[in-house]
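Reading the structure
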Amino acid sequence: MNTYNNALTASGNGFGRAFTENFLGEAPDWYKLTIALFLIANPVLLYATSPFITGWVLIGEFIFTLAMALKCYPLQPGGLLAMEAVLLGMTSTDAVYHEVTENFEVILLLMFMVAGIYFMKSLLLFVFTKILINVKSKTLLSVLFCAVAAVLSAFLDALTVTAVLIAVAVGFYSVYHRVASNQPHHHHDHDHSNDDHVVEYHREDLDQFRAYLRSLIMHGAVGTALGGVTTLVGEPQNLLIAEKAGWEFLQFFLNMAPVTIPSFFAGLLTCALLEKTGICGYGAKLPGAVRDVLVNFSQEEEKKRSSTDVAELWIQGIVAVILVLSLAFHVAEVGIIGLMIIVLLTAFNGVVQEARIGHAFEEALPFTALLVVFFAIVAVIHEQHLFEPVTHFVLGLEPAQQPGMLFLANGILSMISDNVFVATVYINEVKAALTAGEITREHFDKLAIAINTGTNLPSVATPNGQAAFLFLLTSALAPLIRLSYGRMVIMALPYTVVLSLVALVCVIYMV
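Residues numbered from 1 in each chain as written. Predicted model: local features only at pLDDT ≥ 70, side-chain atom pairs only at ≥ 80, totals over all residues. Heavy atoms only, no water.

**Topic: the overall build of the protein chain**
The secondary structure content of the protein chain amounts to 24 helices and 0 strands. Principal-axis analysis of the C-alpha atoms places the extent of the protein chain at approximately 80 × 70 × 45 Å. Residue pairs in contact within the protein chain that sit at least 24 positions apart in sequence constitute 77% of those at least 6 positions apart. Accessible surface computed for the protein chain: about 22400 Å², of which carbon and sulfur atoms make up 66%. Seen as two clouds, the 24 positive and the 40 negative side-chain charges of the protein chain have centres 11 Å apart. (Helix = DSSP H or I, 4+ residues; strand = E, 2+ residues; numbered from the N terminus. Contact = heavy atoms within 4.5 Å. Areas by Shrake-Rupley, 256 points an atom, 1.4 Å probe, with all protein chains shown as cover. Lys, Arg positive; Asp, Glu negative; His and termini not counted. Charge placed at Lys NZ, Arg CZ, Asp CG, Glu CD.)

Pasting the structure below:
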């Protein structure tokens, strides 16, 4: 009997240990315990206080899961928090579905456009390798990355441009990582996420190369915000604001220009100064050994490039032009254009096996699922009216004070929430005030400009504020170049301060 009891106890302990190990997998024990405490504390807090307070605590908990993205992908812990919020009645499944359908164009974009960029990697690596090798000045290269990302984001969209930047950076990193691990360039099965085989004397150069790529990617990511704010196709909320205001493409650009143009040049100047001063993680140079590897890689690729490879590059180039024109003239929703790009690239470059096509979706679909979880948190914000006190305070101020305060309110709330949701809340409130005759049309236009610039520029402060930044944080690139939530916040800080101040002054004095 004792033997049976001992065996049962051992089995029970083993089961408990196995359950603990399985819960959130390889995440640290302290992280697992923290998430478990969140899940236990929320019902108690809801019972002891109110849904309003619990809602704000839930936002903080979700931000924590994003901040710890390198410890554990946020989908699982964030999903558990979102499910608990629904079960506690803080939102409903219908409200979550409503948020998802309201942002369906973003989900389509992620599903298809990011996969489309995957099939363009050869061309992107070819073009950007030439740029990286031939532009020796890091400052000039950084400004070029920032400016090109801004221009592209003005006519495409920030997520598409970010997908391009990620594809390029992963391509560069994998080329050098193979060499650092004593593998030939053509060893395509190499795992560039594993440093176990990196030769010791390559490690210092590899770390410096990571810092180099981090700074370039962050300059490019901020560039997507600089360009995305300028046109009605740059960001999803721009289209919404333009629709409420009745602005066409050119009218939107001209109305925003007094704020967006000075902000653009302030951003480029900040980019150059960061590289010159080397503060906040910038200024890393491309190691000579890495440059040699990339030069050799480029030369080897050119030597072995067959007529089939050349034809493939031409097809990718032609499809890239079709992509830019399709997006610039908005011939269809961005996600539908992405699907068209997938069909064209795979059909004309002979990618017809399901297994080969499936790889293209590996990067985007986890983030798409995470975004749906994020919309569940947004549904809680909406259902519990968490932003309502701020909204009422701002709209209760004197008219002359409202544009500046609306800019700040939108900026701060966009740092912790979805900038599309924040813009939706405020533009609807302002439109209702116009319809009720409480404000003039001229004042409405000023407030619309403040809302658009407020949700787009200060929101670079955190990955929460912009979908492009969140996509970068949770991408396959982030762990490779050691780009954590905290590091992104620190690297974005100079841009946040400069862009917020410049834009705020422009909103107050130039609009």
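Back to the text.
**Considerations on the packing of aromatic side chains**
Tallying each qualifying case throughout the model produces 9 aromatic pairs. Arranged with centres 5.8 Å apart and planes meeting at 75°, the rings of Tyr-176 and Phe-209 form a pair that is edge-to-face. Pair noted here: Tyr-176 is in helix H9 (residues 158-180) and Phe-209 is in helix H10 (residues 203-228), with a separation of 33 residues, a long-range link. Note on accessibility: Tyr-176 and Phe-209 belong to one class, buried. Consider the rings of Phe-264 and Phe-265, whose centres lie 5.2 Å apart with planes at 75°: the pair is edge-to-face. Directly above the aromatic system of Phe-444 lies the positively charged group of Lys-431, at a separation of 5.7 Å from the ring centroid. (Phe/Tyr/Trp six-rings, centres within 6.5 Å; stacked < 30°, edge-to-face > 60°. Buried < 20%, exposed > 50% of the residue type's maximum accessible area, 1.4 Å probe, protein only. Lys NZ or Arg CZ within 6 Å of the ring centre and 35° of its normal.)

**Focus: the side chain of His-443**
You can see His-443 is positioned in helix H21 (residues 441-456). A relative accessible area of 12% means that His-443 is categorised as buried. Looking at His-443, its side chain comes within polar contact range of the side chain of Gln-402, at 3.1 Å. For His-443, the residues in contact, after removing those within four places along its chain, are Pro-399, Gln-402 and Pro-403. (Polar contact = N/O pair within 3.5 Å; in protein donor to acceptor, adjacent residues only side chain to side chain.)

**Remarks on the nonpolar core**
Of all hydrophobic cores here, the largest spans 160 residues; its most connected members are Phe-172, Tyr-212, Met-218, Trp-247 and Leu-472. At 16 residues, H9 tops the list of elements feeding residues into this core. Apart from the residues lying within four places of it in its own chain, the contact partners of Phe-172 are Leu-125, Phe-128, Thr-129, Leu-132, Phe-209, Leu-213 and Leu-294. (Core = buried A, V, L, I, M, F, W, Y, C linked by side-chain atoms within 4.5 Å.)

**A closer look at the pattern of salt bridges**
Here the structure, examined in full by the defined rule, presents 3 salt bridges. A salt bridge links Glu-275 to Lys-138; the nearest nitrogen and oxygen atoms lie 3.1 Å apart. With a gap of 137 residues between them, Glu-275 in helix H12 (residues 249-277) and Lys-138 in helix H8 (residues 138-155) connect regions that are remote in the sequence. Here Arg-210 and Asp-207 are joined by a salt bridge, their closest N and O atoms 3.0 Å apart. On the criterion of helical spacing, the pair formed by Arg-210 and Asp-207 is a turn pair, its members being 3 residues apart in helix H10. Assessed through its relative accessible area of 4%, Arg-210 is described here as buried. Judged by relative accessible area, which is 45%, Asp-207 ranks as partly exposed. (Salt bridge = Lys/Arg side-chain N within 4 Å of Asp/Glu carboxyl O.)

**What about the environment of Leu-239?**
With respect to the helices and strands, the residue Leu-239 is situated in helix H11 (residues 236-245). Look at Leu-239 and you get partly exposed, because its relative accessible area is 38%. Separated by 10 residues in sequence, Leu-239 and Phe-249 have C-alpha atoms that sit 9.5 Å apart.

**Observations concerning the packing of helix H6 (residues 104-118) against H9**
Packing of H6 against H9 leaves a shortest axis separation of 10 Å and a crossing angle of 35°. Regarding H6 and H9, the two cross each other, and that crossing is right-handed. The segment H6 lies against H9, with Val-106, Leu-109, Leu-110, Met-113, Val-114 and Ile-117 engaging Leu-159, Thr-160, Ala-163, Val-164 and Ala-167. When its residues are assigned to classes, the contact of H6 with H9 shows 10 nonpolar, 1 polar and no charged. (Axes fitted to C-alpha atoms, helices over the stretch in contact; angles between N-to-C directions. Left-handed = near helix turned anticlockwise from the far one by under 90°. Nonpolar A, V, L, I, M, F, W, Y, C, P; charged D, E, K, R; others polar.)

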